[in-house]
Amino acid sequence: AQKITQTQPGMFVQEKEAVTLDCTYDTSDPSYGLFWYKQPSSGEMIFLIYQGSYDQQNATEGRYSLNFQKARKSANLVISASQLGDSAMYFCAMRERRDDKIIFGKGTRLHILP
Amino acid sequence: DSGVTQTPKHLITATGQRVTLRCSPRSGDLSVYWYQQSLDQGLQFLIQYYNGEERAKGNILERFSAQQFPDLHSELNLSSLELGDSALYFCASSLRLAGGTDTQYFGPGTRLTVL
């Protein structure tokens, strides 16, 4: 069974609009971390934001915020005021405490339109 | 810049050959991870080292091996290369061993093309 599900293979959004990228996960480990990474066309993997399973508040990092709904096992990434440079592939990932590797979703390709 | 370096950036070789990919983790990080990203398989975890010791294995083929040296840099060795090994290989590093919440920072990747 897939542990990380990103249901949006591609999205087109107008510049300056807010974007929500969906991510659901599956785990029985009560302690885990959720991550979002950005992969632009140049190929590098850029860490954006992290949310711990015991964190009480949603994580925020500049224009990025993570809408964490634990009961629904959902960890959506919200990008406010999108910019052309946000066009990239976005990966949701999870790391369980009992394990060290990160499991990645299949990604969402985001296109920001001028 | 994540602080993780990988060399070479690009590598083109022929089937049956052997190559070595190199990774230097961020200063102070003890854990190194290797991932393979291909079009059909997505991002797959290969192997992890912590302070020189193998810690976890993922979907790593027997033709592949890795090690972490005393200075903490790591090498991924790929042998008897096949066309299907063409992929982007990432190294990532993190500070601690476990904890479940340790952020991994990725290097720029090595793009391997097997002809």
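Reading the values: the criteria
Starting from 1, residues in each chain are numbered consecutively following that chain's sequence as written. For naming, the first written chain is A and the first written ligand is 1, with later ones following in the order written. A pLDDT threshold of at least 70 governs which residues receive local features in this predicted model, and a stricter bar of 80 or more applies before side-chain atom pairs are shown or counted, although totals over entire chains, interfaces and linings include all residues. Only heavy atoms go into the side-chain values, all of them from the structure, while hydrogens and water stay out. In the sections that follow, a salt bridge refers to a side-chain nitrogen of Lys or Arg positioned within 4 Å of a carboxyl oxygen of Asp or Glu. We count a stretch as a helix when DSSP gives it H or I for four or more residues in a row; a strand needs E for two or more, and each element gets its number in order from the N terminus. Burial status follows relative accessibility: with a 1.4 Å probe on protein chains alone, a residue under 20% of its type maximum counts as buried, one over 50% as exposed, and anything between as partly exposed. Residues grouped as a nonpolar core are buried Ala, Val, Leu, Ile, Met, Phe, Trp, Tyr and Cys residues, joined through side-chain atoms within 4.5 Å. The contact definition used throughout considers only heavy atoms, calling two residues in contact when any of these lie within 4.5 Å. Summary of the metric used: pLDDT quantifies the predictor's per-residue confidence within the range 0 to 100. Throughout, the accessible surface (probe 1.4 Å) given up by two parts as they are put together, summed over both, is called the buried area. In the analysis that follows, any N or O atom pair within 3.5 Å is treated as a polar contact, provided that within protein one partner can donate a hydrogen and the other can accept it, and provided that, for residues neighboring in sequence, both atoms belong to side chains. Side-chain classes are defined by residue name, with Ala, Val, Leu, Ile, Met, Phe, Trp, Tyr, Cys and Pro counting as nonpolar, Asp, Glu, Lys and Arg as charged, and the others, Gly among them, as polar. The criterion for strand pairing is that DSSP finds at least two bridges linking the strands in question. Axes here refer to lines fitted to C-alpha atoms; in helices the fit is confined to the stretch in contact. Angles between the N-to-C directions go from 0 to 180 degrees. Here a pair means two rings of Phe, Tyr or Trp (six-membered ring of Trp) with centres within 6.5 Å. Their orientation is stacked below 30 degrees between planes, edge-to-face above 60, and tilted elsewhere. Here, a charge over a ring means that NZ of Lys or CZ of Arg falls within 6 Å of the ring centre while also lying within 35 degrees of the ring normal.

Engineer: Just checking my understanding: could you explain the pattern of salt bridges for this structure?
Structural biologist: Two side chains that carry opposite charge are able to pair once their charged atoms sit near each other. Residue and element names in this part refer to chain B. Summed over the entire model, instances satisfying the criterion amount to seven salt bridges over all chains. The shortest N-O distance in the salt bridge between E75 and R22 comes to 4.0 Å. In this pair, E75 sits in strand 8 (residues 74-78) while R22 sits in strand 3 (residues 19-24), placing the two residues 53 residues apart along the sequence. With a relative accessible area of 34%, R22 lands in the partly exposed category. Linking R63 and D85 is a salt bridge whose minimum nitrogen-to-oxygen distance equals 2.8 Å. Taken as a pair, R63 in the loop between strand 6 (53-57) and strand 7 (64-68) and D85 in the loop between strand 8 and strand 9 (87-94) lie far apart in primary sequence, 22 residues in all. You'll find R63 and D85 in the same group, each marked buried.

Engineer: What am I meant to see in the nonpolar core here?
Structural biologist: Most often, soluble globular proteins have nonpolar side chains that are buried together. Residues and elements named next belong to chain A. If you look at the biggest cluster of nonpolar residues, it comprises 25 residues, and the most contacted ones within it are V19, Y25, W36, I49, L77, Y90 and L110. When contributions to this core are tallied by element, the ones reaching two or more residues are strand 2 (10-14), strand 3 (19-21), strand 5 (32-39), strand 6 (46-52), strand 8 (64-69), strand 9 (74-79), strand 10 (88-96) and strand 12 (108-113). Among all residues touching L77, those that are not within four sequence positions of it are V19, T20, L21, W36, L48, I49, Y64, S65 and Y90.

Engineer: Would you take a moment to explain the confidence of the model for chain A for this structure?
Structural biologist: Parts of the model with low pLDDT should not have their predicted coordinates read in detail. Here chain A averages 93 in pLDDT, and 98% of its residues register 70 or above. Across chain A, the element-wise mean pLDDT spans from 92 in strand 11 (residues 103-104) of chain A up to 98 in strand 9 of chain A.

Engineer: Teacher, can you tell me more about the interface of chain A and chain B here?
Structural biologist: Note: interface size is frequently given as the accessible area lost on complex formation between the parts. Listed per partner, the contact involves 19 residues of chain A and 22 residues of chain B. Counting each side, the surface lost to burial between chain A and chain B is near 1700 Å², with a carbon and sulfur contribution of 55%. Among the residues chain A hides against chain B, the three largest losses belong to M45(A), R95(A) and D100(A). Together they make up 33% of the total. In this structure, the connection of chain A to chain B is made through zero salt bridges. If you look at where chain A meets chain B, you find four residue pairs in polar contact (both at pLDDT 80 or more). Broken down by element, the side of chain A that touches chain B gets its largest block of residues, five residues, from strand 5 of chain A. A per-class count over the side of chain A that touches chain B returns nine nonpolar, four polar and six charged.

Engineer: Is there a simple way to think about the sheet that holds strand 3 of chain B in this case?
Structural biologist: Paired through their backbone hydrogen bonds, the strands of a sheet run either parallel or antiparallel. Residue and element names in this part refer to chain B. The four strands are arranged 1-3-8-7 in an open sheet whose pairing can be described as antiparallel. Looking at which strands have only one partner, the edges of the open sheet turn out to be strand 1 (5-7) and strand 7. Here the strands of the sheet are splayed against their neighbours by 15 degrees on average, with no regard to which way each runs. Summarising the sheet, strand 1 and strand 3 pair through three bridges and their orientation is antiparallel. Residue T5 lies in a different strand from strand 3, and its bridge partner there is S24.

Engineer: Help me understand the packing of aromatic side chains, please; the structure alone is not making it clear to me.
Structural biologist: Each aromatic ring pair is specified by the distance between its two centres and by the angle formed by the two planes. Across all of its chains, the model carries 15 aromatic pairs over all chains by this definition. When the centroid spacing of 5.3 Å and the interplanar angle of 35 degrees are considered together, the rings of Y35(B) and F106(B) count as tilted. Of the two residues, Y35(B) sits in strand 4 (residues 31-38) while F106(B) sits in strand 10 (residues 105-106), which places them 71 residues apart along the sequence. With respect to burial, Y35(B) and F106(B) carry one shared label: buried. Feature note: the residues F35(A), Y37(A), F47(A), Y50(A), F91(A), F104(A), Y35(B), F45(B), F90(B), Y105(B) and F106(B) constitute an aromatic cluster, connected by ring pairs. The ring of Y64(A) carries R63(A) above its face, with NZ or CZ at 5.7 Å from the centroid.

Engineer: Mind showing me how you'd approach the side chain of Q44(B) here?
Structural biologist: Residues and elements named next belong to chain B. Turning to its location among the elements, Q44 is positioned in strand 5 (residues 42-50). At 2.5 Å, the side chain of Q44 and the side chain of N59 are in polar contact. Apart from the residues lying within four places of it in its own chain, the contact partners of Q44 are W34, Y35, Q36 and N59.

Engineer: Before we go on, may I ask you to explain unusual backbone geometry in this structure?
Structural biologist: With an omega of -10 degrees, the peptide bond running from T7(B) to P8(B) counts as cis. Within the secondary structure, P8(B) sits in the loop between strand 1 and strand 2 (10-13). One non-glycine residue, K16(A), lies in positive phi territory at about 80 degrees. Looking at where K16(A) falls in the secondary structure, it is placed in the loop between strand 2 and strand 3. The backbone phi angle of K73(A) is positive, close to 50 degrees, even though this residue is not glycine. Looking at the element boundaries, K73(A) is found in the loop between strand 8 and strand 9. According to the relative accessible area criterion, K73(A) is partly exposed, its value standing at 28%.

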